[in-house]
Amino acid sequence: MAAPKNRRSVFLGRLPLPERNFLADALRTETVGGVLLLVAAVAALIWANTPLRDSYEAVRDFHFGPGSLGLNLSVQHWAADGLLAVFFFVAGIELKRELVAGELRDPKAALLPVIAAICGMAVPALVYFTVVTSGNGSTAGWAVPTATDIAFALAVLAVIGTALPSALRAFLLTLAVVDDLFAILIIAVFFTQKLNFAALGFAVLGLAVFWLLLRKGVRGWYVYVPLAVVNWALMYNSGVHATIAGVAMGLMLRCHRHEGERHSPGEHIEHLVRPLSAGLAVPLFALFSAGVVVSGGALSDVFTKPETLGVVLGLVVGKTIGVFGGTWLAARFTRAELNPDLKWPDVFAVASLAGIGFTVSLLIGELAFGTDLLLADEVKAAVLVGSLIAAVCASVLLKLRDNKYKKLCADEDRDEDADGIPDIYEQGNPDYHLRMAAILEAKAAEHRRLAELVARDTTRDDGPA
């Protein structure tokens, strides 16, 4: 008897219901935060390009904080090093949850988005490196076009009115989570300057205390928030970028559920902190980082200087080719079949959406060219231009399939028996089919009654005068 053939895995298949519900809640917050991010970026550009420019620079460069602790920082640095630690804390929780309960928990299933994310970072870096070396530019910004901004991408979807099916949204989110992980590693490894080993040692000790308190089940924000601030300050003074402390603490939270738990501690804290990250931390960072002077000459420089052109091409071309090419190769290598409801052009459209690199790209640009303020501002302008071009290209590609996406989303959300569970998840449940039979029988009875009334009225109207 012939051995059964191995069943091929399905790429972009239907998500389990709990994962779908969690994804919907998370992306809803990120979408609102993304819209605020767009508003903040536009406000920064207007503020920096009007007669109020001097006030923008005065606020951005205003210093405050305890100098004795090495924390007398400008508003811009507080936003980049302080507020973004909250963003990376949430990113750490997301990564931990993906590893223990999400798409990354199964090594075989994780292989495809991980390869896509790695290619989606390697190809933009290669594009940047090729452009700047051919133009005798600085290679310091090779990491700038490697990051994807999930909030900005979701804001674009909200603005153009496109509802992606949950599988595509999950792929985009998983891609961004892995992207954030490698961006964190890049920041830690390549943008760490002179180390203060004493501060770093105390930071590690503080993180160990944080981890121990979590394992002992100690509760209370009044314990963890002060400890988190101390760990952040120690990490900042150590020479390692302070956002690494946020990531480390996020990864320490337990994200798997014990018996009887509705939400794990990590999910609960993420639910509380995500609105603060998406609605306040990231928009404020954008407000004080995206305010670059835009002029005709500055825009032309974006397409003529090797560093800025490398960033634009890295985001628009490198990200798209990297994510799509990595996904296609991984699917071929793992023999995964694409969800029959979707096509490879859908993956290409999402890959182009990954070219929107805003928050982390701006941060890496500041770190890479911090000693050359003029070039740093030009690279920021290149990030804005590249992200805008990627957003326009993705919007066009996604709109071409908008009707198909709306139909798929409607099918995913349909709940004809009104039990709170989409019908597509209940096809194997006999009770669901019995409920639907009762509903349809009631509708049939009502239609028969209406038919009799119409027939009776018709007979009366056709009778003798």
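Residues numbered from 1 in each chain as written. Predicted model: local features only at pLDDT ≥ 70, side-chain atom pairs only at ≥ 80, totals over all residues. Heavy atoms only, no water.

- The name an unreviewed UniProt entry gives the protein chain is Na(+)/H(+) antiporter NhaA, with Streptomyces nondiastaticus as the organism.
- UniProt lists a comment for the protein chain under the heading Function (unreviewed entry), and it reads "Na(+)/H(+) antiporter that extrudes sodium in exchange for external protons."
- On record in UniProt, under Catalytic activity (unreviewed entry), the comment for the protein chain is "Na(+)(in) + 2 H(+)(out) = Na(+)(out) + 2 H(+)(in)". (UniProt positions renumbered as here; feature names shortened; annotations may be inferred.)

Concerning the overall build of the protein chain
Thought 1: For the protein chain, the helix and strand inventory stands at 17 helices and four strands.
Thought 2: If you line up the protein chain on its principal axes, its C-alpha atoms span 100 × 65 × 60 Å.
Thought 3: A total of 465 residues make up the protein chain; the buried ones form 46% of that total.
Thought 4: Contacts in the protein chain between residues at least 24 apart in sequence constitute 78% of all its contacts with a sequence separation of at least 6.
Thought 5: Summed over all atoms, the accessible surface of the protein chain reaches about 22,800 Å², with 66% contributed by carbon and sulfur.
Thought 6: Measuring between centres, the 39 positive side-chain charges of the protein chain sit 5 Å from its 44 negative side-chain charges. (Helix = DSSP H or I, 4+ residues; strand = E, 2+ residues; numbered from the N terminus. Buried < 20%, exposed > 50% of the residue type's maximum accessible area, 1.4 Å probe, protein only. Contact = heavy atoms within 4.5 Å. Areas by Shrake-Rupley, 256 points an atom, 1.4 Å probe, with all protein chains shown as cover. Lys, Arg positive; Asp, Glu negative; His and termini not counted. Charge placed at Lys NZ, Arg CZ, Asp CG, Glu CD.)

Quick word on empty space enclosed by the protein
Thought 1: For the structure on display, the rule yields three cavities of 30 Å³ or more.
Thought 2: Reported here for the largest cavity is a volume of approximately 120 Å³.
Thought 3: Glu30, Phe87, Arg274, Ser277 and Val282 are the residues nearest the centre of the largest cavity, which is lined by 14 residues in total.
Thought 4: Every element with two or more residues in the lining of the largest cavity is listed here: α1 (17-48), α3 (75-100), α5 (150-160) and α10 (265-289). (1 Å grid on protein atoms, 1.4 Å probe; cavity = no way out; pocket = protein on both sides within 12 Å on 5 of 7 lines; lining within 4 Å. Points joined across faces, edges and corners; volume = space filled by probe spheres on them.)

Let's talk about helix α7 (residues 197-215)
Thought 1: The terminal C-alpha atoms of α7, which comprises 19 residues, lie 27 Å apart, in line with the 27 Å expected from a rise of 1.5 Å per residue.
Thought 2: Along α7, the positions that sit buried rather than exposed are Ala199, Ala203, Gly206, Leu207 and Phe210. An end-on view of α7 places all buried positions within 100° of arc, on one side of the element.
Thought 3: On its buried side, α7 packs onto α8 (221-238) and α9 (243-252).
Thought 4: If you check the start of α7, you find a side-chain oxygen 3.2 Å away from the backbone N of Ala198, and it comes from Asn196.
Thought 5: At the C-terminal side of α7, Gly217 shows a positive phi close to 80°. (Expected span 1.5 Å × (residues − 1). Arc of directions from axis to C-beta. Polar contact = N/O pair within 3.5 Å; in protein donor to acceptor, adjacent residues only side chain to side chain.)

A few points about the packing of aromatic side chains
Thought 1: Within this structure, the stated rule accounts for 12 aromatic pairs.
Thought 2: For the ring pair Phe87 and Phe88, a centre distance of 5.1 Å and an interplane angle of 80° mean the geometry is edge-to-face.
Thought 3: On the basis of relative accessibility, which here comes to 1%, the residue Phe88 falls in the buried class.
Thought 4: Where Trp142 meets Phe190, the ring centres are 5.1 Å apart and the plane angle is 85°; that geometry is what we call edge-to-face. (Phe/Tyr/Trp six-rings, centres within 6.5 Å; stacked < 30°, edge-to-face > 60°.)

Re the nonpolar core
Thought 1: Ranked by internal contacts, the top residues of the largest apolar core, which has 115 residues, are Phe11, Leu12, Phe88, Val311, Leu353, Ile356 and Phe358.
Thought 2: With 14 residues, the top contributor of residues to this core is helix α6 (residues 166-190).
Thought 3: If near-sequence neighbours (up to four positions away) are discounted, Phe358 is found in contact with Leu37, Ala41, Asp149, Phe152, Ala286, Ala290, Val383, Leu384 and Ser387.
Thought 4: In this structure, Leu71, Ala85, Ala233 and Ala242 belong to the second largest nonpolar core, which totals six residues. (Core = buried A, V, L, I, M, F, W, Y, C linked by side-chain atoms within 4.5 Å.)

What to know about the layout of surface pockets
Thought 1: Approximately 1,200 Å³ is the volume attributed to the largest pocket.
Thought 2: At the level of secondary structure, the elements contributing two or more residues to the lining of the largest pocket comprise α3, α7, α8, α9 and α10.
Thought 3: The residue makeup of the lining of the largest pocket, split by class, is 22 nonpolar, seven polar and four charged. (Nonpolar A, V, L, I, M, F, W, Y, C, P; charged D, E, K, R; others polar.)

Observations regarding the packing of helix α4 (residues 107-134) against α6
Thought 1: Direction vectors running N to C along α4 and α6 enclose 55°, while the axes themselves pass 9 Å from each other. Taken together, the axes of α4 and α6 are oblique relative to one another. Relative to α6, the crossing made by α4 is right-handed. Each of Leu112, Pro113, Val114, Ala116, Ala117, Ile118 and Met121 in α4 lies in contact with α6, whose residues at this interface are Phe171, Thr174, Leu175, Val178, Asp179, Phe182, Ala183 and Ile186.
Thought 2: Looking at the contact of α4 with α6 residue by residue, the classes come out as 13 nonpolar, one polar and one charged. (Axes fitted to C-alpha atoms, helices over the stretch in contact; angles between N-to-C directions. Parallel < 35°, antiparallel > 145°, perpendicular 65-115°, else oblique. Left-handed = near helix turned anticlockwise from the far one by under 90°.)

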